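# A closer look at the structure
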Amino acid sequence: MNTNPLFEEKQYLGFNKHSLLRRLSMAIFCFICYYWNISKGLHPELFLILGIAILVISVILFFVLHLKTSIYPESIILDGFWTARKIKLNLNGIVSAEVVPYNRFYLNSPVYNLHLKGAIRFYTKGTEAVKLTDKEGLVYIIGSQKAKTLAEIVQKQLKSISNQ
């Protein structure tokens, strides 16, 4: 296998809008409770510490890699974080690649290797995805911020494989 990828994209957990909005809402709630409890003397510093801790965790998540997508001349490698398995898709088995909207909802939770509704999904952030269909009819949906570029490179590789 060639050591230089044709395409590489890294997606981090902290940039997911759904999770970020949820964490910021909890931190704002803690700061409001802190302000409200200052005059009552009911240990308001606990809310302040909790709000700051949530913000620190949010900043740390900006550096936690969730999904790394790499395209090599004959395969696509999807690498997750920590205990997730590395998934290798052989381009010889892929029939088509097209850009599709990921989901109709604006806020989506990050997923890795989620089998749902007849498709295997990989997503962290963005609104578009690349839909790959293999010879057996299995569908892979790979979310990307550069979906058009990803689809173009896959289609180009599919053409070069079919010409051989």
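Presented here is an overview of the structure given in this document. Predicted model, so just to flag it, every value in this text is computed and none were measured.

Within the secondary structure layout, Thr69 lies in strand β2 (residues 65-72). Here Thr69 falls in the buried class, since its relative accessible area comes to 1%. Ignoring anything within four residues of it in the chain, the contact list for Thr69 reads Phe7, Glu8, Glu9, Ile76, Ile77, Leu78, Ile142 and Leu150.

In this model helix α1 (residues 17-37) runs 30 Å from its N-terminal to its C-terminal C-alpha over 21 residues, within 8% of the 30 Å that 1.5 Å per residue would give. Within α1, the full set of buried residues consists of Ser19, Arg23, Ala27, Cys30, Cys33 and Asn37. Viewed along the axis of α1, the buried residues span an arc of 120°, placing them on a single side of the element. With respect to the buried face of α1, the exposed residues turned more than 90 degrees away are Ile28, Phe29, Ile32, Tyr35 and Trp36. Its buried side turned inward, α1 meets α2 (45-61). Two or three places before His18, at the opening of α1, Asn16 has a side-chain oxygen 3.1 Å from that residue's backbone nitrogen.

Further remarks concern the pairing of strand β8 (residues 128-134). By the criterion of burial, β8 is predominantly enclosed, with five of the seven residues buried. Summarising the sheet, strand β5 (residues 94-101) and β8 pair through seven bridges and their orientation is antiparallel. Residue Ala97 lies in a different strand from β8, and its bridge partner there is Leu132. Bridge count between β8 and strand β9 (residues 139-144): six bridges; the pairing is antiparallel. Pairing of Val130 across the sheet is with Ile142, part of β9. Taking the residues between adjacent antiparallel strands as the criterion, β8 and β9 are bridged by four residues, where Gly137 takes a positive phi near 90°.

Glancing now at the sheet that holds β5. Taking strand neighbours across the sheet as the criterion, the five strands line up as β5-β8-β9-β7-β6 in an open arrangement whose pairing is mixed. The open sheet is flanked by β5 and β6 (111-116), the only strands paired with a single partner. Strand-to-strand twist across the sheet, computed as the mean angle between neighbouring axes with direction ignored, equals 20°. Helix α3 (residues 147-163) rests against β5, β8 and β9 of the sheet, and its axis sits at about 165° to β5.

The strand order across the open sheet formed by four strands is β1-β2-β3-β4, and the pairing between neighbours is antiparallel. In this open sheet, the two edge strands, each paired with only one partner strand, are β1 (7-12) and β4 (87-90). Adjacent strand axes in the sheet meet at a mean angle of 10° when their direction is disregarded. Relative to β2, β1 is paired through six bridges, and the arrangement is antiparallel. Across the sheet, Lys10 pairs through a bridge with Lys68, a residue of β2. Sheet strands in contact with α3 are β1, β2 and β3 (75-79), and its direction is about 35° off that of β2.

Judged by nonpolar contacts, the single largest core of 24 residues is most densely connected at Ile76, Leu78, Leu89, Phe122, Leu132 and Val154. When contributions to this core are tallied by element, the ones reaching two or more residues are β2, β3, β4, β5, β7 (119-123), β8, β9 and α3. A total of seven residues in this core trace back to one element, the largest contributor, which is α3. Apart from the residues within four sequence positions on either side, Leu89 is in contact with Glu74, Ser75, Ile76, Leu78, Leu132, Tyr140 and Ile142. One finds Tyr123, Ala129, Val139 and Ile141 within the second-largest nonpolar core, a separate group that totals eight residues.

Analysis parameters
- Per-chain numbering applies: the sequence of each chain, read as written, is numbered from 1 onward.
- Under the rules for a predicted model, residues below a pLDDT of 70 receive no local features and side-chain atom pairs below 80 are neither given nor counted, while totals for whole chains, interfaces and linings still include all residues.
- Side-chain figures throughout are based on the complete set of non-hydrogen atoms in the structure, without hydrogens or water.
- The secondary structure listing takes helices from DSSP runs of H or I that are at least 4 residues long and strands from runs of E that are at least 2 residues long, numbered from the N terminus.
- Buried, partly exposed and exposed residues are distinguished by accessible area as a fraction of the type maximum, computed with a 1.4 Å probe on protein chains only: under 20%, between the cut-offs, and over 50%, respectively.
- We call two residues in contact whenever any of their non-hydrogen atoms come within 4.5 Å of each other.
- Each helix should span, by expectation, one fewer than its residue count multiplied by 1.5 Å.
- This arc is taken over the directions from the axis of the helix to the C-beta atoms.
- The term polar contact refers here to a pair of N or O atoms within 3.5 Å; inside protein, the definition further demands a hydrogen-donor-capable atom paired with an acceptor-capable atom, and it admits residues adjacent in sequence only when both atoms are side-chain atoms.
- At least two bridges found by DSSP between two strands are what make those strands a pair.
- For every element, the axis is a line fit to its C-alpha atoms; helices are fit only across the contacting stretch, and the angle between N-to-C directions ranges from 0 to 180 degrees.
- As used in this record, nonpolar core signifies buried Ala, Val, Leu, Ile, Met, Phe, Trp, Tyr and Cys residues forming a set joined through side-chain atoms within 4.5 Å.

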